Amino acid sequence: MSTLMPFQADGVAWLKANPTGLLADEPGLGKTIEIAMALDAGKPALVVCPAFLKTNWVRELAKWRPDLRAQALYGRDSLVAPEPGQVLVTNYAILSDGPDLKPDTQLVADECQALAATGTKQSRRFKALSRRAAGTWGASGTPYRNSTLDLWGIATAMGWAGQAFGNMSRFLWLFRGTKLHHGGYVFGRPRDEGLAAIKPFILRRLRAEVLPQLPERTYHDIEIE
């Protein structure tokens, strides 16, 4: 088995201590590996990601967690409840409202910025799954791709918006959000209370912070179907 870098081991420890949270490390720092290593082998797991990442998830799980049975799902009616020790990998476009997940299921949203828009079908369906899961981990190197409002959508879909912010009005206060006359919102500098609210739910490290731990260069083969 390959060896984790120290900051990755710290990420695994943080995930294990936080059943629901967002791993927001800068791209390229190994979020997939950290989540794979944090999964409990005695519990079922469901990973939801963009379609092009399904093969990568199965490959990384086979490399880092050979003790787990990883399988990618294809087709709109393919989603079933994973069994203990099994990791099923599906994509947002074919996500369905079912199945009835076992109460100890570990749920993962990779590239979870896909859940930022609260009114989309995939966000609603993921939210329904997160309500039935034991915990939900998200991963994204760019969680606020369009606006600070994306954070509200992601937190809502993953199920921790209420704990962190209370409601939408308080979220806007925390992040100095103002509704525009023509639609949408504009945000200012977050209040200290806003930063404190997200601290228990988000872990982010930048390349510059962990640079001394990184190897000079690494290579990865990316398979294209």
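One numbering rule holds for all chains: residues counted from 1, following each sequence as written. Since the coordinates come from a predicted model, pLDDT governs what is reported: local features require at least 70, and pairs of side-chain atoms require 80 or more to be given and counted, while whole-chain, interface and lining totals use all residues. To get the side-chain values, take all heavy atoms of the structure and skip hydrogens and water.

(A) Highlighting the packing of aromatic side chains. Ring pairs are drawn from Phe, Tyr and Trp, using the six-membered ring of Trp, whenever the two centres fall within 6.5 Å, and their geometry is named by plane angle: stacked under 30 degrees, edge-to-face over 60, tilted for the rest. Tallied over the full model, the rule gives 9 aromatic pairs. Seen in terms of ring centroids, Phe171 and Phe187 are 6.2 Å apart; in terms of plane orientation they differ by 70°. Their pairing is edge-to-face. Within this pair, whereas Phe171 is found in helix α7 (residues 168–174), its partner Phe187 is found in strand β8 (residues 185–187), the two being separated by 16 residues in sequence. The same class applies to Phe171 and to Phe187, which are both buried. The helix and strand labels rest on DSSP assignments: H or I over at least four residues marks a helix, E over at least two residues marks a strand, and numbering proceeds from the N terminus. Under the scheme applied here, a residue whose accessible area is under 20% of the maximum for its type counts as buried, over 50% as exposed, and between as partly exposed, the area being computed with a 1.4 Å probe on protein chains only.

(B) Broad picture of the side chain of Glu34. As for its placement among the helices and strands, Glu34 is situated in helix α2 (residues 31–38). If sequence neighbours within four positions are ignored, Glu34 has contacts with Phe7, Gln8, Gly11, Val12, Leu15, Leu23, Asp25, Leu29 and Arg205. Here, two residues are considered to be in contact whenever any of their heavy atoms come within 4.5 Å of each other.

(C) Here's a closer look at unusual backbone geometry. The phi dihedral of Glu111 is positive, around 50°, even though this residue is not glycine. Tracing the chain through its elements places Glu111 in the loop between β5 (106–110) and α4 (121–132). Phi is positive for Arg176, which is not a glycine, with a value near 50°. With respect to the helices and strands, the residue Arg176 is situated in the loop between α7 and β7 (177–179). When its relative accessible area of 38% is taken as the criterion, Arg176 is described as partly exposed.

(D) The arrangement of the side chain of Asn91 in detail. Relative to the helices and strands, Asn91 resides in strand β4 (residues 86–91). Excluding residues that lie within four positions of it along the chain, Asn91 makes contacts with Val48, Cys49, Pro50, Ala51, Lys54 and Leu73.

(E) Just the packing of α2 against helix α3 (residues 54–64), in detail. Axis angles are defined between N-to-C directions and span 0 to 180 degrees, where every axis is a line fitted to C-alpha atoms and, for a helix, only to the segment in contact. In the contact formed by α2 and α3, the axes pass within 10 Å of each other and the chain directions differ by 55°. With respect to their mutual orientation, α2 and α3 come out oblique. Regarding α2 and α3, the two cross each other, and that crossing is right-handed. Counted together, Thr32, Ile33, Ile35, Ala36 and Met37 of α2 and Asn56, Trp57, Glu60, Leu61 and Trp64 of α3 form the full contact between these two elements. The nonpolar class holds Ala, Val, Leu, Ile, Met, Phe, Trp, Tyr, Cys and Pro. Asp, Glu, Lys and Arg form the charged class, and all remaining residues, Gly among them, are polar. Along the lines of polarity and charge, the residues of the contact of α2 with α3 split into 7 nonpolar, 2 polar and 1 charged. Under this scheme an angle from 65 to 115 degrees is roughly perpendicular, one under 35 degrees roughly parallel, and one over 145 degrees roughly antiparallel; angles in between are oblique. Handedness of a crossing follows from how the near helix is turned relative to the far one, being left-handed for an anticlockwise turn of less than a right angle and right-handed for a clockwise one.

(F) The arrangement of the environment of Gln71 in detail. Topologically, Gln71 is positioned in strand β3 (residues 69–72). A relative accessible area of 40% places Gln71 in the partly exposed class. For the pair Gln71 and Leu61, spaced 10 residues apart in sequence, the C-alpha separation works out to 9.6 Å.

(G) Region of the structure containing helix α5 (residues 149–158). Of all 10 residues in α5, 9 are buried, a share of seventy percent or more. Among all positions of α5, only Asp150, Leu151, Trp152, Gly153, Ile154, Ala155, Thr156, Ala157 and Met158 are buried.

(H) Structural view of α2. Taken across its 8 residues, α2 has 8 buried, putting it largely inside the fold. Burial in α2 covers these residues: Lys31, Thr32, Ile33, Glu34, Ile35, Ala36, Met37 and Ala38. Tucked inside the fold, the buried residues of α2 contact α1 (6–17), β1 (21–23), α3, β5 and β6 (135–139).

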